[in-house]
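Results of the structural survey
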Amino acid sequence: DAERNRRIERVTPRENAAINGPWICNTGRDLARTLERPRALHAMLKGQPVSLERAVDAARTLIANAGPAVALVSSWASNEELAAFARTLSARFSCYVKADRWAQAGEIIEDALLIHSDKNPNGAAARALFAPLPLLPAGLHAALPEETALVLVWGEGCDLTRLPPKAAVIYLNSWQHSDNARADVFIATSVMTERGGHYTNVDGLVGAFTACFPKPAGVVDASALFDALALAPQEASV
């Protein structure tokens, strides 16, 4: 069954003395449930499906012509994706790292052995490059004043209805969500099982991950997307 061979049933730890020994964090054990949610597979302009190329061109035009712009950076992005964003687009935005995932009701927040309060795999690396978003909800208003003309939201963890009402929104996400259709431009991005890369954990140790499956048609790797968005309108496609 080819479809079953594209589905994650369970996540178990590999022995890795340099990173985690025989352990796996709670978020890691939940990855099967996280990664097997219904995927977003198509780019959209204001809720209407379009080709990836058309969405990229629309986003590129927004970035080129925007006034004050803010980027909310994903804390699930790999080191390579964060470096690509820093190299290509970060100078055009005021950049803040958001938490893509918060602790759930009843979830243990932290312990002395393994559980950490940051429920995101690469929050430490993201915050080494960009300022952390002040705590919500007041912090969101401080980071995104009413005059903000464009917001780039990368990954989950942000309610688009809380953004400045006059700001255009470019939304990069991997999952089906009602917010996808709210964005001026929505682009579906790949997940960690569809690409390789590295994460830096809270102790500063770097671990690698590799692709398990090909990414679906219509989905783009964030690194390639940022290279395309940094070009002038009409110069290139992904």
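Residues numbered from 1 in each chain as written. Predicted model: local features only at pLDDT ≥ 70, side-chain atom pairs only at ≥ 80, totals over all residues. Heavy atoms only, no water.

Helix and strand content of the protein chain: eight helices and ten strands. Each of the 238 residues in the protein chain was classed as buried or not, and the buried ones make up 46%. Taking the contacts inside the protein chain whose residues are at least 6 apart along the sequence as the reference set, 62% of them involve residues at least 24 apart. Working note: accessible area of the protein chain is about 12,200 Å², and carbon and sulfur atoms make up 54% of it. (Helix = DSSP H or I, 4+ residues; strand = E, 2+ residues; numbered from the N terminus. Buried < 20%, exposed > 50% of the residue type's maximum accessible area, 1.4 Å probe, protein only. Contact = heavy atoms within 4.5 Å. Areas by Shrake-Rupley, 256 points an atom, 1.4 Å probe, with all protein chains shown as cover.)

What follows covers the pattern of salt bridges. Counted by the stated rule, this structure contains ten salt bridges. For the salt bridge of D100 with K98, the shortest nitrogen-to-oxygen distance reads 2.8 Å. What makes D100 buried here is its relative accessible area of 11%. With a closest N to O distance of 3.5 Å, K215 and D221 form a salt bridge. (Salt bridge = Lys/Arg side-chain N within 4 Å of Asp/Glu carboxyl O.)

A word on the pairing of strand β9 (residues 197–200). Across four bridges, β9 lies against strand β10 (residues 206–209) in antiparallel orientation. Paired with G197 across the bridge in β10 is F209. With antiparallel pairing between neighbouring strands as the criterion, β9 and β10 make up a hairpin whose turn holds five residues, including G204 at a positive phi of roughly 85 degrees. (Pairing = 2+ DSSP bridges.)

Quick look at the side chain of R60 now. Looking at the secondary structure, you find R60 in helix α3 (residues 52–65). Judged by relative accessible area, R60 falls into the buried class, the value being 1%. One polar contact links the side chain of R60 to the main-chain carbonyl oxygen of A228, over a distance of 2.9 Å. (Polar contact = N/O pair within 3.5 Å; in protein donor to acceptor, adjacent residues only side chain to side chain.)

Its volume calculated, the second largest pocket comes out at about 550 Å³. Considering the residues around the second largest pocket, the lining is formed by 28 residues, among which T34, R37, W76, E156 and W175 are closest to the centre. Elements represented by at least two residues in the lining of the second largest pocket include exactly α2 (31–35) and β7 (168–173). Of all the elements, α2 adds the most residues to the lining of the second largest pocket, at three residues. For the lining of the second largest pocket, the residue count by class is ten nonpolar, nine polar and nine charged. (1 Å grid on protein atoms, 1.4 Å probe; cavity = no way out; pocket = protein on both sides within 12 Å on 5 of 7 lines; lining within 4 Å. Points joined across faces, edges and corners; volume = space filled by probe spheres on them. Nonpolar A, V, L, I, M, F, W, Y, C, P; charged D, E, K, R; others polar.)

With that settled, consider the sheet that holds strand β4 (residues 94–97). Pairing within the open sheet is mixed, and its eight strands lie in the order β2-β1-β8-β7-β6-β3-β4-β5. Two strands close off the open sheet at either side, each with one partner strand: β2 (48–50) and β5 (131–132). Sheet strands in contact with helix α4 (residues 79–88) are β3 (69–73), β4 and β6 (150–154), and its direction is about 165 degrees off that of β6. (Axes fitted to C-alpha atoms, helices over the stretch in contact; angles between N-to-C directions.)

Mapped onto the elements, C95 comes out in strand β4. For the pair C95 and A143, spaced 48 residues apart in sequence, the C-alpha to C-alpha distance is 9.0 Å. The residues touching C95, leaving out its near neighbours within four places in the chain, are A71, V73, F85, S90, F130 and A131.

Before going further, it helps to spend a moment on the packing of aromatic side chains. Here the structure, examined in full by the defined rule, presents seven aromatic pairs. Taking the centre distance of 6.4 Å and the plane angle of 35 degrees together, the rings of F85 and F93 count as tilted. Comparing F85 with F93 shows no difference in burial state: the two are buried. Geometry around W175 places R37 over its ring, the cationic atom sitting 4.4 Å from the centre. We note R39 situated over the ring of W175; from NZ or CZ to the ring centre the distance is 5.5 Å. (Phe/Tyr/Trp six-rings, centres within 6.5 Å; stacked < 30°, edge-to-face > 60°. Lys NZ or Arg CZ within 6 Å of the ring centre and 35° of its normal.)

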